[in-house]
Amino acid sequence: MQSILRRTLAPSNPLLRCQVNVTPRAFRPFGLRTIVTKKYTVEHECVSFDDSTGLGVISITDHAQSSLGDVVFVELPQVGTVVAQHDQIGAVESVKAASDIYAPVSGQVEEINETLADQPGLLNKSPEEKGWLCKIKLSDPSEASTSGIYIYTMIQELNVDDHSWRN
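Calculation criteria
- Residues numbered from 1 in each chain as written.
- Predicted model: local features only at pLDDT ≥ 70, side-chain atom pairs only at ≥ 80, totals over all residues.
- Heavy atoms only, no water.
- Salt bridge = Lys/Arg side-chain N within 4 Å of Asp/Glu carboxyl O.
- Helix = DSSP H or I, 4+ residues; strand = E, 2+ residues; numbered from the N terminus.
- Buried < 20%, exposed > 50% of the residue type's maximum accessible area, 1.4 Å probe, protein only.
- Core = buried A, V, L, I, M, F, W, Y, C linked by side-chain atoms within 4.5 Å.
- Contact = heavy atoms within 4.5 Å.
- Pairing = 2+ DSSP bridges.
- Lys, Arg positive; Asp, Glu negative; His and termini not counted.
- Polar contact = N/O pair within 3.5 Å; in protein donor to acceptor, adjacent residues only side chain to side chain.

## Quick notes on the pattern of salt bridges
Counted under the stated rule, the structure contains two salt bridges. Here Lys38 and Glu128 are joined by a salt bridge, their closest N and O atoms 3.2 Å apart. You can see Lys38 sitting in strand β1 (residues 31–40) and its partner Glu128 sitting in the loop between α4 (122–125) and β9 (134–138), a full 90 residues away along the chain. Residue Lys38 is classed as buried on the basis of its relative accessible area of 12%. Its relative accessible area of 23% is what places Glu128 among the partly exposed residues. Put simply, Glu111 and Lys135 hold a salt bridge, and the shortest N to O gap is 3.8 Å. Highlighted residues: Glu111 in strand β8 (residues 107–112) and Lys135 in strand β9, separated in sequence by 24 residues. A relative accessible area of 22% means that Lys135 is categorised as partly exposed.

Structure below.
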């Protein structure tokens, strides 16, 4: 069908005179995959490790924030700090108690959640998403698969055609 149209229309349209190679959909890769592993420690810290970036996003669990009560202050590590697994990296203070935060993985702190300085209550509203604490570039990515308690692994697939994420 395509070659019939090309032969019919090619003499009248100079743009259709060029040869177009179209790769069939079956041979194009569907998307890029990255594995995001989320693990929880017994101290109620959580790490979401993305194998494509090598970054672990550290947060506290929903159970931890509900046990603490209304969070009033969050102490975070400095960017560039090198931490070892199980080292103290900060603290969370609430109206009920204070609790230390321990690194579930080893590596270098790449980024901290600056929003928590002005809005520590964000830990109560969204502890594992908007209330993340810091991002650590893992020095040993195998720690993400061996440390803590394994809860689930989520495969996220990037659809190359429309650049949208699907779970």
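## Section: the nonpolar core
A general feature of soluble globular proteins is that nonpolar side chains tend to end up buried together. Among the nonpolar cores identified, the biggest contains 24 residues, and Ile58, Ile89, Leu123, Leu133, Cys134 and Ile136 are the most heavily contacted of them. Contributions of two or more residues to this core are made by β2 (45–50), β3 (55–60), α2 (62–68), β4 (71–75), β6 (88–94), β8, α4 and β9. Here this core takes three residues from β9, the largest share from any one element. The contacts of Cys134, once residues within four sequence positions are left out, are Gly56, Val57, Ile58, Pro77, Ile89, Val109, Glu111 and Ile112.

## Here we look at unusual backbone geometry
With a phi angle near 70°, His44 is a residue other than glycine that sits in the positive phi range. By secondary structure assignment, the location of His44 is in the loop between β1 and β2. The backbone of His86 shows a phi angle near 75°, a positive value even though the residue is not glycine. In this fold, His86 is placed in the loop between β5 (82–83) and β6. Residue His86 is classed as exposed on the basis of its relative accessible area, which comes to 54%.

## Quick word on the pairing of strand β7 (residues 98–102)
Relative to β7, β6 runs antiparallel, the two being bridged by five bridges. In the strand pairing of β7, Val92 is matched with Ser99. Hairpin connection of β6 to β7: three residues between the antiparallel strands.

## Description of the environment of Gly80
Along the chain, Gly80 falls in the loop between β4 and β5. A relative accessible area of 32% places Gly80 in the partly exposed class. Along the primary structure Gly80 and Val109 are separated by 29 residues, whereas in three dimensions their C-alpha atoms are 5.2 Å apart. When neighbours within four sequence positions are excluded, Gly80 is seen to be in contact with Gln108 and Val109.

## Considerations on the side chain of Glu45
Following the sequence through the fold, Glu45 ends up in strand β2. Look at Glu45: it is buried, it has no salt bridge, and the nearest opposite charge is Lys39 at 14 Å. At a separation of 2.9 Å, a polar atom in the side chain of Glu45 contacts the side chain of Thr41. A distance of 3.1 Å separates a polar atom in the side chain of Glu45 from the backbone nitrogen of Tyr102. The contacts of Glu45, once residues within four sequence positions are left out, are Lys39, Tyr40, Ser59, Ile60, Thr61, Asp100, Ile101 and Tyr102.

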